Amino acid sequence: MELRYALLFVCLTAPLCASHILEPYDFLFDTAVEAYYKGDWLTVILNMEKALMNKATVRSVKAQCRLSCANQTAFGGLEVAVPGAGSVEDLGFFQKVLKRADCVNSCETDKLGTPTMHEVTEELELEFRKRTPYNYLQVAYFKINKLDKAVAAANTFFLANPDHTEMKQNLDYYRMMAGVQLEDFKDLEAKPHMAEFLLGKSYYSDDSFGLAADHIEVAVEEHFTADKECRVLCEGAYNYDGYNYMEYSADLFQTMTDHYMQVLNCKQHCAVELASTAGRDKPFEDFLPSHFNYLQFSYYNSEKFERAIECAKTFLLFHPDDEVMNQNLAYYSAVLGEDKARPIKARQVVKLHIQQSILEKELLYFGYEAFGITFVDPDTWTPEDVMPKKLRDKQKADKETAARITEEIGNLMKEIETMVEEKKKDSSDMAMIIVPTEGGALLHDDIKVTMTANQLNGSQRVLLDGVISEDECRELQRLSNSAALKGDGYRGRPSPHSPSELFQGVTVLKAVKLGQEGTVPLKSARLFFDLSEKVKKALESYFRLDAPLYFSYSHLVCRSAIDEKQGDREDLSHPVHVDNCLLVSELNECIKEPPAYTHRDYSAILYLNNDFEGGEFIFTELDAKTVTAEVRPQCGRVVGFGAGQENPHGVRAVTMGQRCAVALWFTLDPAHEEKERIQAQDMLNMFSTPVNAEFIKNEANGASEPQLTTPEPPAQPDPGNADGKQDDKPAEQKPDLPADAQADGPADPAEDKAEAKPVGKTKTGAKVKAAPKVKAKTADKVKPAAKKDGKQTVKTQAKQAVKKDAKPSAKKTVKVAAEKDSKPKVDAASASDPQIGKEEL
């Protein structure tokens, strides 16, 4: 990604290509987001509007190229013989395929640049689908007093996010402002065919039948244009399901079949896409046929009987047995005269559309029967005989079976409810029998259980101390500062979670490779590997797991406070989230489905130091606000917990110094074992052979203690969380910026921040909703500041006793401090700390 941005910069500065290059819209989006947090409103508007325009241009160019190439290389006559082995007809067909591919590739490359230039992440695509850019634009336009544009942007965002309460309040406020007109409340993303259809419907409801017919006719024309574009855009890359592509081994014709079935499924789904509009839960039913229903009656009321007959006959192409429409047609024909009515035909474009759609359905049903490729017909008008009889019978039997099962489940549920009521008095006893899956003996005498789940006000939680020694902590911290990369796991973005902190990390495999190269001591990399194994065994033992844990991801990370970015800071170092599901804090729910890493079962964080301020690890309720426990990091401390919805967690802001930890995620499913770790283990085993034994010994003896260095903080960090105060009305809807793509609705971009002060309340702040959503990529914009002078000394007897402002814990909140000799304090490093872009959710 960074290379792509570098190439783009070079090209933009070169006169020969500057006039041809189309800037990637993700680059523009990130630039706008960065400007937003600087309050540079004109730059926000310029780049965000251009991002929207360029995204639309990319879509349009791809559609035009494919349509144009389809016309130039149509599969009509295959009479051209190509020399070679095999069937001449086959060769002629594949000649057309190759020419089509070359045509599309040349066209798109000529107009858009290299194929990877405009590739964006799924997270960013989701933000555009949710219309998040308009959330930023409405604030920026409001700031420069362009109220008409602010209203349009706010309304556009709200139509796609009708449950967004803050934006609703903004719109209510705008309505009361002087100078705001009703026509300012536009939908800037409205599709032409849908806008005309809705306008025609409104005229129809007002009995303005002439205007209704005019607009619905335009809607029909735009519908076919949109349908053609939607269909041709389905002819993209094959969409593998998960990671199946690693095992995919189909032959030529099976591969073609799989891909073509996917394309046809997509083309059939265009009917649903075109019938959908922002603000409606479901698409319009029978959308295209309904146009001709409105038209036939509008023309009748306008006394245009020829047009009324044409539209009635067109409607009957979809529903030939519709009784009412057949009666209408008979009436119109009688009024006009049978002789004049008979020659009037249904519209040819609709007839061709139906023929093509039915043929596609037949192919898809054949694929269903022959290969088990699922197809769900989106249309209600499909003739019954299109579906094969065997499938019709199966569908009928499945419906009957489903009805019977539903009835049986209903009866069973009643029985269960009765049993539950009868045995309710025993439920607490049963819970005591089932729950004790914690408290197992630890395998190492030097490890002690500081706090159990009960003491941490939750379940599947534990706090361990003495897991590693002070020397081991220092060695791992040195390894991080020697080997870690800024923004590791976040495409190089140095501040992926908070613009006020610098993030760096290194994986086990990277550390081992650097050890092999001699860049870092190999024994340090081996220590990273071995100590994480020690943590895994401690969790297996404590939680009394019957099955072994497998590493899902291992990350040695440090996050450093950027001194000049600490003023009035109120955000979290890492927003509250859950490791294996998408936290929707507004609903107190966690959705266990992709893109969440649902395979994660346990998480652990091993802390390496406490010579910093802030950075406490917190457990919360599902509302992401109510803190149930707080942990202060210290060397050798581990917080371990189940990765499910019972343990939402986050990290308070690191306001001074550097906080380092080893973050570990585990799974019970060996299919999701960390492949890099296996590779690292193989390399370490190789280095441990007798041939290398002397080398390892010498290295261990000769490795001097490198001095701890302070990494360069970036002057302009990546905006990860909002950090400003909310202006007066309208509320600035600043969409959550990205660390953990959660399912929350876009929240106030500068407002989704957690109070870092654990005052006597149990709230982290009214705006800590869920992990953020927008993935802002501004790493290329970050300018490194000069290194600080002075050496950072390593204290072997660090007793960082106290937080600056010790505040009484709330009624339900447990705090664990980092003092060695007094009560242990819980560690505030979050399992979110190290999660790389693809791991952190």
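Here the structure is shown first, and the text comes after it.
A brief report on the enclosed structure follows.

Moving on, we get to the overall build of the protein chain. On a plain count of helices and strands, the protein chain comes out with 24 helices and 16 strands. When each of the 841 residues of the protein chain is scored for burial, the buried share is 48%. Sequence-distant contacts in the protein chain: of pairs separated by 6 or more residues, those separated by 24 or more amount to 76%.

Glancing now at helix α13 (residues 287–301). Across its 15 residues, α13 extends 22 Å between first and last C-alpha, which sits within 8% of the 21 Å expected from 1.5 Å per residue. Those residues of α13 not exposed but buried are Phe-287, Leu-288, Pro-289, Ser-290, His-291, Phe-292, Leu-295, Gln-296, Ser-298 and Tyr-299. Taken together, the buried residues of α13 touch α10 (192–205), α11 (209–233), α12 (252–274), α14 (305–318), α15 (323–336) and α17 (348–371). Once α13 ends, the next one or two residues include Glu-303, with phi positive near 60°.

A water-sized probe rolled over the atoms picks out the places where empty space is left. In this structure, the second largest pocket spans a volume of roughly 1600 Å³. For the second largest pocket, the lining is made up of 36 residues, of which Arg-100, Glu-235, Tyr-260, Val-263 and Lys-267 are closest to its centre. When contributions to the lining of the second largest pocket are tallied by element, the ones reaching two or more residues are α4 (41–72), α5 (88–112), α11, α12 and α17. If you tally residues by element for the lining of the second largest pocket, the top one is α12, at ten residues.

Another aspect to go through is the environment of Phe-529. Here Phe-529 is to be found in helix α22 (residues 522–542). The exposure class of Phe-529 is buried, given its relative accessible area of 7%. In this structure, Phe-529 is in contact with Val-508, Arg-677, Gln-681 and Leu-684, ignoring residues within four places of it in sequence.

Applying the stated criterion across every chain, the model contains 30 salt bridges. With a closest N to O distance of 3.6 Å, Asp-172 and Lys-168 form a salt bridge. Taken together, the residues Asp-172 and Lys-168, both in helix α9 (residues 165–175) and four residues apart, mark about one turn of the helix. Taking relative accessible area as the criterion, Lys-168 reaches 44% and is therefore assigned partly exposed.

So, about the side chain of Glu-533. Here Glu-533 is to be found in helix α22. Sequence-distant contacts of Glu-533, that is, excluding residues within four places in its chain, are made with Phe-551 and Arg-677.

By size, the foremost hydrophobic cluster in this structure holds 47 residues, and its most contacted members are Leu-476 and Leu-608. When residues of this core are traced back to their parent elements, those giving at least two are β2 (461–465), α20 (470–483), α21 (508–517), α22, β5 (550–561), β9 (602–607), β15 (654–667) and α23 (675–687). Considering every element that reaches this core, the biggest residue donor is α22, with ten residues. Beyond its immediate chain neighbours, meaning those up to four positions away, Leu-608 contacts Ile-468, Cys-473, Leu-476, Gln-477, Leu-556, Cys-635, Cys-660, Ala-661 and Val-662.

Turning our eyes to something else, we now look at the packing of α4 against helix α7 (residues 132–143). Contact geometry of α4 with α7 gives a least axis separation of 9 Å together with a crossing angle of 145°. Of the two elements, α4 crosses α7, and the hand of that crossing is left-handed. In this structure, α4 uses Trp-41, Val-44, Ile-45, Met-48, Glu-49 and Leu-52 to contact α7, whose residues at the interface are Pro-133, Tyr-134, Tyr-136, Leu-137, Val-139, Ala-140, Tyr-141 and Lys-143.

On to α7. With twelve residues, α7 should reach 16 Å at 1.5 Å per residue; the first-to-last C-alpha distance of 18 Å fits that figure. When you tally the buried positions in α7, you get eleven out of twelve residues, the bulk of the element. Among the residues making up α7, those that are buried are Thr-132, Pro-133, Tyr-134, Asn-135, Tyr-136, Leu-137, Gln-138, Val-139, Ala-140, Tyr-141 and Phe-142. Summarising the contacts, the buried residues of α7 are in contact with α3 (25–38), α4, α6 (122–129), α8 (147–160) and α9. Following α7 by one or two positions, Asn-145 adopts a phi angle in the positive range, close to 65°.

As a further point, take the state of the cysteines. Here the structure, examined in full by the defined rule, presents seven disulfides. The partner cysteine of Cys-473 in its disulfide is Cys-635, sulfur to sulfur 2.0 Å. The sign of the S-S torsion, about 95°, decides the handedness of the disulfide formed by Cys-473 and Cys-635: right-handed. Linking Cys-473 in helix α20 with Cys-635 in the loop between β12 (627–631) and β13 (638–642), this pair joins segments that are 162 residues apart in sequence. Comparing Cys-473 with Cys-635 shows no difference in burial state: the two are buried. Across the disulfide from Cys-581 sits Cys-590; the S-S distance is 2.0 Å. Residues Cys-581 and Cys-590 are joined by a disulfide whose S-S torsion is about 100°; by sign, that bridge is right-handed.

Counted according to the given criterion, the structure contains 30 aromatic pairs. Arg-280 extends its terminal NZ or CZ atom over the ring of Phe-284, reaching a point 3.8 Å from the ring centre. It is Arg-677 that lies over the ring of Phe-551; its NZ or CZ is 3.5 Å from the centre.

The next subject is unusual backbone geometry. In this structure, the amide linkage connecting Pro-594 to the following residue, Pro-595, adopts the cis form with an omega of 10°. Here Pro-595 is to be found in the loop between β8 (589–591) and β9. Of note in the backbone geometry, Asn-145 takes a positive phi value of approximately 65° without being a glycine. Assignment of secondary structure puts Asn-145 in the loop between α7 and α8.

Turning next to the side chain of Asp-379. Among the secondary structure elements, Asp-379 is positioned in the loop between α17 and α18 (389–422). Given the relative accessible area of 19%, Asp-379 is considered buried. A distance of 2.7 Å separates the side chain of Asp-379 from the side chain of Lys-361, its partner in a polar contact. Beyond its immediate sequence surroundings of up to four residues, Asp-379 is in contact with Gln-268, Ala-271, Ser-357 and Lys-361.

On to the packing of α22 against α23, then. The packing of two helices is summarised by the inter-axis angle and the distance between the axes. Taken N-terminus to C-terminus, the directions of α22 and α23 make an angle of 125°; their axes are 11 Å apart at the nearest point. Classified by the angle between their axes, α22 and α23 sit oblique to one another. The way α22 lies across α23 gives a crossing that is left-handed. Here Leu-522, Arg-526, Phe-529, Ser-532 and Glu-533 of α22 come into contact with α23, specifically with Arg-677, Gln-681, Leu-684 and Phe-687.

With that settled, consider the pairing of β5. With eleven of twelve residues buried, β5 is to be regarded as a mostly interior element. The pairing of strand β4 (residues 501–506) with β5 spans six bridges and is antiparallel. Residue pairing in the sheet places Gly-505 in a bridge with Val-557 of β5.

All right, on to a nonpolar patch on the surface then. Residues Ile-405, Ile-409, Leu-412, Met-413, Ile-416 and Val-420 make up a contiguous nonpolar surface patch of roughly 500 Å² in combined accessible area. If you trace the backbone, Val-420 turns up in helix α18.

Turning to the environment of Met-656, a few remarks are in order. Mapped onto the elements, Met-656 comes out in strand β15. For the pair Met-656 and Asp-563, spaced 93 residues apart in the sequence, the C-alpha separation amounts to 6.9 Å.

Rules used in this analysis
- Residues numbered from 1 in each chain as written.
- Predicted model: local features only at pLDDT ≥ 70, side-chain atom pairs only at ≥ 80, totals over all residues.
- Heavy atoms only, no water.
- Helix = DSSP H or I, 4+ residues; strand = E, 2+ residues; numbered from the N terminus.
- Buried < 20%, exposed > 50% of the residue type's maximum accessible area, 1.4 Å probe, protein only.
- Contact = heavy atoms within 4.5 Å.
- Expected span 1.5 Å × (residues − 1).
- 1 Å grid on protein atoms, 1.4 Å probe; cavity = no way out; pocket = protein on both sides within 12 Å on 5 of 7 lines; lining within 4 Å.
- Points joined across faces, edges and corners; volume = space filled by probe spheres on them.
- Salt bridge = Lys/Arg side-chain N within 4 Å of Asp/Glu carboxyl O.
- Core = buried A, V, L, I, M, F, W, Y, C linked by side-chain atoms within 4.5 Å.
- Axes fitted to C-alpha atoms, helices over the stretch in contact; angles between N-to-C directions.
- Left-handed = near helix turned anticlockwise from the far one by under 90°.
- Disulfide = S-S within 2.5 Å.
- Phe/Tyr/Trp six-rings, centres within 6.5 Å; stacked < 30°, edge-to-face > 60°.
- Lys NZ or Arg CZ within 6 Å of the ring centre and 35° of its normal.
- Polar contact = N/O pair within 3.5 Å; in protein donor to acceptor, adjacent residues only side chain to side chain.
- Parallel < 35°, antiparallel > 145°, perpendicular 65-115°, else oblique.
- Pairing = 2+ DSSP bridges.
- Patch = residues over 30% accessible without salt bridge, like charges linked within 9 Å, V, L, I, M, F, W, Y side chains within 5 Å.
- Areas by Shrake-Rupley, 256 points an atom, 1.4 Å probe, with all protein chains shown as cover.

Interpretation in functional terms is not warranted from these geometric data alone.
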